[in-house]
Amino acid sequence: MSGLILPRYLAMRFVSWIAAVFLLGTTIILLADFLELLRRTSDSDSVTVLRALLISSLRTPSLTEEFLPFAVLFGSIAAFIGLSRRLELVVVRASGVSVWQFALPAVVVAIVIGMMATTVYNPVSAMMKERANRLGASLFDGEQKLLIQTTGDVWFRQDGLEGESIVHARQVVDSGRELYDVAIYQFDDQNVFRQRINARHAELDDGEWQLSNATIYGPDGGEEQRDTFAVSTFLTPAEVRETVAQPDAVPFWRLPSVITLTQRAGLPAYRYRLRYQTLLARPVLLAAMVLIAATVSLRLARLGGLASAIAGGVIAGFVLYVTAEITSDLGGAGVITPTTAAWAPGLAAILLGVSILLFQEDG
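In this text the structure is predicted, and so the values were computed from the model without any measurement.

Draft legend 1. Spatial organisation of the sheet that holds strand S5 (residues 208–217). Across the sheet, six strands lie side by side as S1-S2-S3-S4-S5-S6; this open sheet has antiparallel pairing. Here the strands that pair on one side only, and so sit at the sheet edges, are strand S1 (154–160) and strand S6 (223–232). This sheet shows a mean twist of 30 degrees between the axes of neighbouring strands, independent of strand direction. Alignment of S5 against S6, held across nine bridges, turns out to be antiparallel. Counterpart to Ile216 in the pairing with S6 is Glu224.

Written as structure tokens, this is what we have:
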């Protein structure tokens, strides 16, 4: 058991620093989102401060998923620097402990955090984001165009028994099965404009969109109000999901079934496969962040340079993030395989970090 005292101590130091940085970043993101939501809804009587705070609280976990790698990076840098400034690393190194022995607990912590983030945190954050979307959509009123913008406007063309139509929605819920603030432009078989339908809400149901609170505008400017109205569509749920749904709105455990359904429908599933592989590769990415932190922090004990260590970590993390985004775009477009796009940046960063540590350790 005595041999586990040092690894356990180092692991707890890294956990505490990563948790502190993550909580600080979460608080900043929550406050920024809350203030922005208050600003955009200042003229709405249906949105109170408590409701805005609730929506922001539900949205924050999904926003912090992108921040997690940087929390691990900055937390690891802070932990390494703290150990170094108190000369703990100096004592450990003097006792014959190699860089790999005291970096290993941090890597293990990062891998565990990545696994928990993928299997537990991601499904919870996706569920909370869906709840935030529904809550925000329920607060629309007739004069307000958009209360909260989480998925952005969507446009898509569809065909149905009445002919082709173009659909525009300002809010997407339930992977595209529900749309809010909808405008449908219908055309006849000769592609001549027939009518426009504005609706508060649209739900996909057995080959048709069920509209509620619909207003129908004819080509002559006439107007007709309907409590409910149906618009035929040949789109299947899988096709709607592929057309308008965002992959990050699908929880990790549902992604395999979504990929299977999308492929069975004859649609490309690059985006969902990429999202799935990205979540699987998250532990590797976080481990790479720890090694990057080690390469820019461990020289501090001998040579000093706090500012250069922090700047080096920020630059290295930013480069890795940009690289991951570029490969993600290529994978989402089908240029490279989703597996390569998701795993390559993290593995390359690990190899680079190991190489630098080998050079620093052995010269």
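Once the structure has been displayed, the description carries forward.
Draft legend 2. Expanded view of the pairing of S5. Bridge analysis of strand S4 (residues 193–204) against S5 gives eight bridges, and the strand direction is antiparallel. Within S5, the position partnered with His201 by the bridge is Ser212. Linking two consecutive strands that pair antiparallel, namely S4 and S5, is a turn of three residues; a positive phi of about 55 degrees is found at Asp206 within it. Hairpin geometry of S5 and S6 is characterised by an intervening segment of five residues between the two adjacent antiparallel strands and by a positive phi of about 90 degrees at Gly221.

Draft legend 3. Local environment of the packing of helix H3 (residues 68–85) against helix H9 (residues 282–297). Contact geometry of H3 with H9 gives a least axis separation of 8 Å together with a crossing angle of 35 degrees. Crossing of H3 over H9 shows right-handed handedness. Of the residues in H9, those in contact with Leu68, Pro69, Val72, Leu73, Ser76, Ile77, Phe80 and Ile81 of H3 are Arg282, Leu285, Leu286, Met289, Val290, Ile292, Ala293, Ala294, Val296 and Ser297. A per-class count over the contact of H3 with H9 returns 15 nonpolar, two polar and one charged.

Draft legend 4. Spotlight on the packing of aromatic side chains. Taken as a whole, this structure holds eight aromatic pairs when the rule is applied. Note on Phe70 and Tyr321: the rings are 5.4 Å apart at their centroids and 55 degrees apart in plane angle, and the pair reads as tilted. Taken together, the residues span a long stretch of sequence, with Phe70 in helix H3 and Tyr321 in helix H11 (residues 306–332) at a distance of 251 residues. The exposure class of Phe70 is buried, given its relative accessible area of 18%. Classification of Tyr321 by relative accessible area gives partly exposed; the value is 32%. Summarising the aromatic geometry, the rings of Phe187 and Phe193 are spaced 6.1 Å apart at their centres and angled 75 degrees between planes, so their arrangement reads as edge-to-face. A relative accessible area of 19% places Phe187 in the buried class. On the basis of relative accessible area, Phe193 is assigned to the partly exposed category, the value being 34%. Members of the aromatic cluster, joined through ring pairs, are Phe22, Phe67 and Tyr121. Positioned above the aromatic ring of Tyr217 is the side chain of Arg196, whose terminal nitrogen or guanidinium carbon lies 4.4 Å from the ring centre.

Draft legend 5. Spotlight on unusual backbone geometry. In the Ramachandran plot, Asp206 falls in the positive-phi region, its phi being about 55 degrees despite a non-glycine side chain. Among the structural elements, Asp206 can be located in the loop between S4 and S5. Despite not being glycine, Asn213 shows a phi value in the positive range, around 55 degrees. Assessed through its relative accessible area of 49%, Asn213 is described here as partly exposed.

Scoring rules and cut-offs
Residues numbered from 1 in each chain as written. Predicted model: local features only at pLDDT ≥ 70, side-chain atom pairs only at ≥ 80, totals over all residues. Heavy atoms only, no water. Pairing = 2+ DSSP bridges. Helix = DSSP H or I, 4+ residues; strand = E, 2+ residues; numbered from the N terminus. Axes fitted to C-alpha atoms, helices over the stretch in contact; angles between N-to-C directions. Left-handed = near helix turned anticlockwise from the far one by under 90°. Contact = heavy atoms within 4.5 Å. Nonpolar A, V, L, I, M, F, W, Y, C, P; charged D, E, K, R; others polar. Phe/Tyr/Trp six-rings, centres within 6.5 Å; stacked < 30°, edge-to-face > 60°. Buried < 20%, exposed > 50% of the residue type's maximum accessible area, 1.4 Å probe, protein only. Lys NZ or Arg CZ within 6 Å of the ring centre and 35° of its normal.

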